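Residue-level listing of the chains:
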Amino acid sequence: MRNNRIPAILGILLLLFAMLPLPCHAADAQEMRQGIVDYALSCTGADSVQEWLDTDLTDRAGTSAEWYVLALSQEGETYDFSAYRRALTQYLATQEVTSAATRLKYALVYRSIGGDEGYIARTMDDSVGELGLMSWVFGLHLVNNDRCPDRAQEIVQELFALQLPDGGWAVSGEHSDVDATAMTLQALAPFYGEYPAEIDRAIAFLSAQQRDTGDFASYGVPCPESTAQVLTALLALGYEPLTEERFIKNGCTLLDGIALYQLPDGSFCHIQGGASNENANMQVFFALTALQSGNAPYLFAEPDVSFAAPQVHRMDYRIIVTAAVLLALGIACIALFLRKKRNLKHFLPPCLLAAVLLALVWFVRIERAADYYQPQPAASGEIIGSVSLSIRCDTVAGKAAYIPENGEILGTIEIPITDDTTVFDALTSAVRAHGIRMEYSGTPELAYVKGIADLYEFDHGELSGWVFHVNGESASVGCGEYLLADGDAVEWLYSLDLGKDVAE
């Protein structure tokens, strides 16, 4: 009997380890990246990366080779870029490049491989911020690399002025886009220490957009390019993207999401089931090079330390607590064994206690206030439009120190919605994004909002409390049941008479 106890104890310990949800890491970054290289060599007939650089990429200088060159410049190998550099210089001498963002991209290539300093200087003078968001983004990259902190701060302010209410950025429109947000964060990465709240809002937006399969969609279309840009942004910000819990969904990492689009020949498609796509190949190659090298590519190399305070990213508290619980369990089992209490019944209580503690640690989420008050998606799914939302308390304006004099708790903001977004979803997203306290009772589907911004029901009479209007009208169903449509206007109003005094 005694010989059967130790295997039983080991079996219990293994069961405890098996309870821990571990992310899937089936995809291999190095193999995926090599697949792109093998595909390129096969298509071009080159025998090596250097030959590929000297032939195909040089022939495409100025048109479609730049992301490959940027990645290769940071790979860690010593490549000869002279042929490509001459070809790019010839291209720029004969072509009129009208896009400011594209001119800045060429300047960044020159900065990474060595090149025309005059072109770099002219581009910094005439292109930064000249054509929307991406000209600010590429301009900031260039200014960061040239160590111009005063000008960098000016560009940073311009970028934050373009940040949308949901925390992200877009090239156009009022709804943030994954690609634009990720690329903007790549440029803002050296300033994380100075603007943590603004950048954390953008990170929260990206986390909320990640699909259960680990990948992302841009303008409603799932694709590897968007996922690659997010991976690069996290690397630039100093995170380990494959273990950062906010970017592991349903056990799938960003790398798992990218792997969904790899074809048998090693290349990548833009849409699952589609053919090989060169833009997908380039952007994935860029991101995987950053991941393999252990840091983001040249865009973020050697950042000026004066730009930002060092970032310390916290280890997941669950890992620490889990290690402590298992260590304590091991010590308890050893102590019982040494005291010759070797009957299985003596080991069951500490094992069960450890199991309960681990279940609480992994299945009960604990958040700091700073983590909670981040923008959250109004609902999951494809965005179909947006609604406006405001929160007002004009009926009691100025009646207490914590009540705004003008009655405005939250001015009108825009919130993206999906086909299953409710009024309660929109309110929850708004208050979390703007750090406003909100308390409700019941389930989200049957939610009753008891208080907003420390203003509660019954605070100003037996009939006082919060009501909502959609398009100026009260509803016959609760806020957790009312489904919103594109263009709806939602108002949360504090009433003193069951809504009668705020009826329109």
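Side note on the sheet that holds strand β4 (residues 408–417)
Then comes step 1: The five strands are arranged β4-β3-β10-β8-β9 in an open sheet whose pairing can be described as mixed. Taken across any chain shown, the strands that pair with only one partner, and hence form the sheet edges, are β4 and β9 (473–474).

Re the nonpolar core
Then comes step 1: If you look at the biggest cluster of nonpolar residues, it comprises 94 residues, and the most contacted ones within it are Tyr 84, Leu 140, Leu 185 and Val 230.
Then comes step 2: In terms of residues, this core owes the most to one element, helix α14 (residues 278–293), which gives nine residues.
Then comes step 3: Discounting chain neighbours no more than four positions away, the residues touching Val 230 are Val 178, Ala 182, Leu 206, Phe 216, Phe 247 and Leu 254.
Then comes step 4: In terms of nonpolar packing, the next biggest core, distinct from the first, is built from 31 residues, Val 431, Leu 455, Phe 468 and Cys 479 among them.

Structural notes on the pattern of salt bridges
Then comes step 1: Here the structure, examined in full by the defined rule, presents nine salt bridges.
Then comes step 2: For Glu 117, the salt bridge is made with Arg 111, and the minimal N-O distance between the two is 2.9 Å.
Then comes step 3: The class of Arg 111 is partly exposed, set by a relative accessible area of 23%.
Then comes step 4: Ionic pairing is found between Arg 437 and Asp 454, a salt bridge with its closest N-O pair at 3.3 Å. Taken as a pair, Arg 437 in the loop between α18 (423–433) and β5 (438–441) and Asp 454 in the loop between β6 (448–452) and β7 (455–456) lie far apart in primary sequence, 17 residues in all.

Looking at the packing of aromatic side chains
Then comes step 1: Going through the model one piece at a time under the given rule, you end up with 15 aromatic pairs.
Then comes step 2: A centroid spacing of 6.3 Å and a plane angle of 45° characterise the contact between Tyr 192 and Tyr 239, whose relative ring orientation is tilted. Note that Tyr 192 is positioned in the loop between α10 (178–188) and α11 (196–209) and Tyr 239 in the loop between α12 (224–236) and α13 (254–259), a separation of 47 residues in sequence. The burial state of Tyr 192 is the same as that of Tyr 239; both residues are buried.
Then comes step 3: Here the aromatic cluster, defined as three or more aromatic residues joined through ring pairs, consists of Trp 52, Tyr 68 and Phe 285.

Cut-offs applied
Residues numbered from 1 in each chain as written. Predicted model: local features only at pLDDT ≥ 70, side-chain atom pairs only at ≥ 80, totals over all residues. Heavy atoms only, no water. Pairing = 2+ DSSP bridges. Helix = DSSP H or I, 4+ residues; strand = E, 2+ residues; numbered from the N terminus. Core = buried A, V, L, I, M, F, W, Y, C linked by side-chain atoms within 4.5 Å. Buried < 20%, exposed > 50% of the residue type's maximum accessible area, 1.4 Å probe, protein only. Contact = heavy atoms within 4.5 Å. Salt bridge = Lys/Arg side-chain N within 4 Å of Asp/Glu carboxyl O. Phe/Tyr/Trp six-rings, centres within 6.5 Å; stacked < 30°, edge-to-face > 60°.

What is shown is where atoms sit, not what they do.
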